[in-house]
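# Results of the structural survey
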Amino acid sequence: MKTESIQRGKYIGLLLDPDRTGGDTLTEALEIATESGTDYIFTGGSISFRNIDELIDEIKKSCIIPVVLFPGNLLQLSLKADVILLLSLISGRNAELLIGNHVTAAPYLRNSKEKVIPTGYILISCGRRTSVEYVSQTEGIPSDKTDLAVATALAGEMLGLKLIYLEAGSGAEYHVPLSLISAVRKNITVPLIVGGGIRTEKEVDDVFNAGADMIVLGNGCEENPDLLRKACAVRDRLRKTQHPLA
């Protein structure tokens, strides 16, 4: 899978936390994902007590949906994923998350470079402080600072990053503001992923229409498994009614 496969389209990703997904919960999640035509399975988290390879193996035994590694730290690196997001936390100023961890990871990933997508990861503060802000020791960009978010995304693209990921964070009170998503979309050409705080069918519709190329659902599907079906139905409708580059 290459970045072009999510270029300016409408895609749904399901994020599975290694420590919160297993057994019957994993089976049910993957059954719904397969039935609804979910595009990608993301796996990773801020902290993990479970071996990420084991989870990827379980996913691949149960479905053929491409697995995207969304690593929260170096312990979550795996070559078993179909795609590896090499995340650079460009909204913060933690040097380890901007380049330090990448230097450490590079020798491990060098023979799988075709799987790696350099990704500009931008945290947006959307209510309560999230786990990723605490673990990364950074603060998200305030949700009302649209100009700063746009400038950060632009800088990421100019540095050669191939994806921009706007993240409200796991457990965020609300999703990234639509006006901010729209502004970023209008100013970058690389694919735009949006995740965190999306809990309803209407919010999926709104976020897509604001300019997201991919929506990643996590907690919302844990609380309401039917959200994934509804999100994929929204995606299907938009694919039929919108120009592919809209």
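None of the values given here were measured: they were computed from a predicted structure.

Each disulfide consists of a covalent bond between the sulfur atoms of two cysteine residues. By the definition in use, this model includes 0 disulfides. Unpaired in terms of disulfides, C221 finds its nearest cysteine sulfur in C232, a separation of 8.5 Å. For C232, a relative accessible area of 1% corresponds to the buried category.

Turning to the nonpolar core, a few remarks are in order. The biggest cluster of nonpolar side chains holds 60 residues, and the ones touching the most others in it are L166, V204 and L217. Top contributing element to this core by residue count: helix α9 (residues 226–241), with 6 residues. Excluding residues within four positions of it along the chain, L166 makes contact with I122, V176, L180, I181, V184, L192, I193, V194 and G195. Listed in part, the 19 residues of the second largest apolar core include V83, L85, V132 and M214.

Looking now at the layout of surface pockets. In this structure, the second largest pocket occupies an estimated 230 Å³ of space. Around the second largest pocket, the lining is made up of 15 residues, and of these T25, A29, C221, E222 and P225 lie nearest the centre. Here the residues of the lining of the second largest pocket are counted per class, giving 8 nonpolar, 3 polar and 4 charged.

Criteria and thresholds
Residues numbered from 1 in each chain as written. Predicted model: local features only at pLDDT ≥ 70, side-chain atom pairs only at ≥ 80, totals over all residues. Heavy atoms only, no water. Disulfide = S-S within 2.5 Å. Buried < 20%, exposed > 50% of the residue type's maximum accessible area, 1.4 Å probe, protein only. Core = buried A, V, L, I, M, F, W, Y, C linked by side-chain atoms within 4.5 Å. Helix = DSSP H or I, 4+ residues; strand = E, 2+ residues; numbered from the N terminus. Contact = heavy atoms within 4.5 Å. 1 Å grid on protein atoms, 1.4 Å probe; cavity = no way out; pocket = protein on both sides within 12 Å on 5 of 7 lines; lining within 4 Å. Points joined across faces, edges and corners; volume = space filled by probe spheres on them. Nonpolar A, V, L, I, M, F, W, Y, C, P; charged D, E, K, R; others polar.

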